[in-house]
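# Residue-level structural notes
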Amino acid sequence: MIDITRRITRPGVVRVVCDAHPHMLAWMVVHDSPYYAVTDERGAFRIEGLPPGSYKVTMWHEGFRPRGVDKDGRALYDEPRTRTRDVAIAPRATATIDFEIR
């Protein structure tokens, strides 16, 4: 067993790959906020417990159009995409925000 520890000190997106298995890879989204969501199978999400105020909500997607394979046989896709929207949350209210990527 090899213990590899690297402390991540700032927000961002980290791509993790396995040197031995080309089909094994992951993305980590590191951020400095307790408010986040992962979409469900329909692409819907909910962020609970936000205090009233104005926010910027950013959607991140790893990329979805195939672009071939790399030298190790890993599937390559288009670049990750982000979209940001402003939203205001009133006291005891619900807000809706939509994202679309093409």
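Coordinates for the structure precede this section.
Everything numeric in this text was worked out from a predicted model, so none of it was measured.

## A few points about the environment of Thr94
For Thr94, the location among the structural elements is in the segment after β6 (81–89). Judged by its relative accessible area of 72%, Thr94 falls in the exposed class. Separated by 17 residues in sequence, Thr94 and Tyr77 have C-alpha atoms that sit 35 Å apart.

## So, a nonpolar patch on the surface
On the surface, Ile8, Val16 and Met28 cluster together into a nonpolar patch covering about 220 Å² of accessible area. One can find Ile8 in the segment before β1 (12–17).

## A word on the layout of surface pockets
Of the voids in this model, the largest pocket is the one considered here, and its volume is about 1,500 Å³. Around the largest pocket, the lining comprises 42 residues; the ones closest to its centre are Tyr36, Ala37, Phe45, Ile47 and Val57. Going through the elements one at a time, β1, β2 (25–30), β3 (53–61) and β6 are the ones with two or more residues in the lining of the largest pocket. Of all the elements, β3 adds the most residues to the lining of the largest pocket, at 6 residues. Split into classes, the residues belonging to the lining of the largest pocket amount to 26 nonpolar, 10 polar and 6 charged. Approximately 360 Å³ is the volume found for the second largest pocket. Every residue lining the second largest pocket is counted, 14 residues in all, and those nearest its centre are Arg6, Arg7, Ile8, Val14 and Met28. When residues in the lining of the second largest pocket are grouped by element, the largest group, 5 residues, is from β1.

About the cut-offs
Residues numbered from 1 in each chain as written. Predicted model: local features only at pLDDT ≥ 70, side-chain atom pairs only at ≥ 80, totals over all residues. Heavy atoms only, no water. Helix = DSSP H or I, 4+ residues; strand = E, 2+ residues; numbered from the N terminus. Buried < 20%, exposed > 50% of the residue type's maximum accessible area, 1.4 Å probe, protein only. Patch = residues over 30% accessible without salt bridge, like charges linked within 9 Å, V, L, I, M, F, W, Y side chains within 5 Å. Areas by Shrake-Rupley, 256 points an atom, 1.4 Å probe, with all protein chains shown as cover. Salt bridge = Lys/Arg side-chain N within 4 Å of Asp/Glu carboxyl O. 1 Å grid on protein atoms, 1.4 Å probe; cavity = no way out; pocket = protein on both sides within 12 Å on 5 of 7 lines; lining within 4 Å. Points joined across faces, edges and corners; volume = space filled by probe spheres on them. Nonpolar A, V, L, I, M, F, W, Y, C, P; charged D, E, K, R; others polar.

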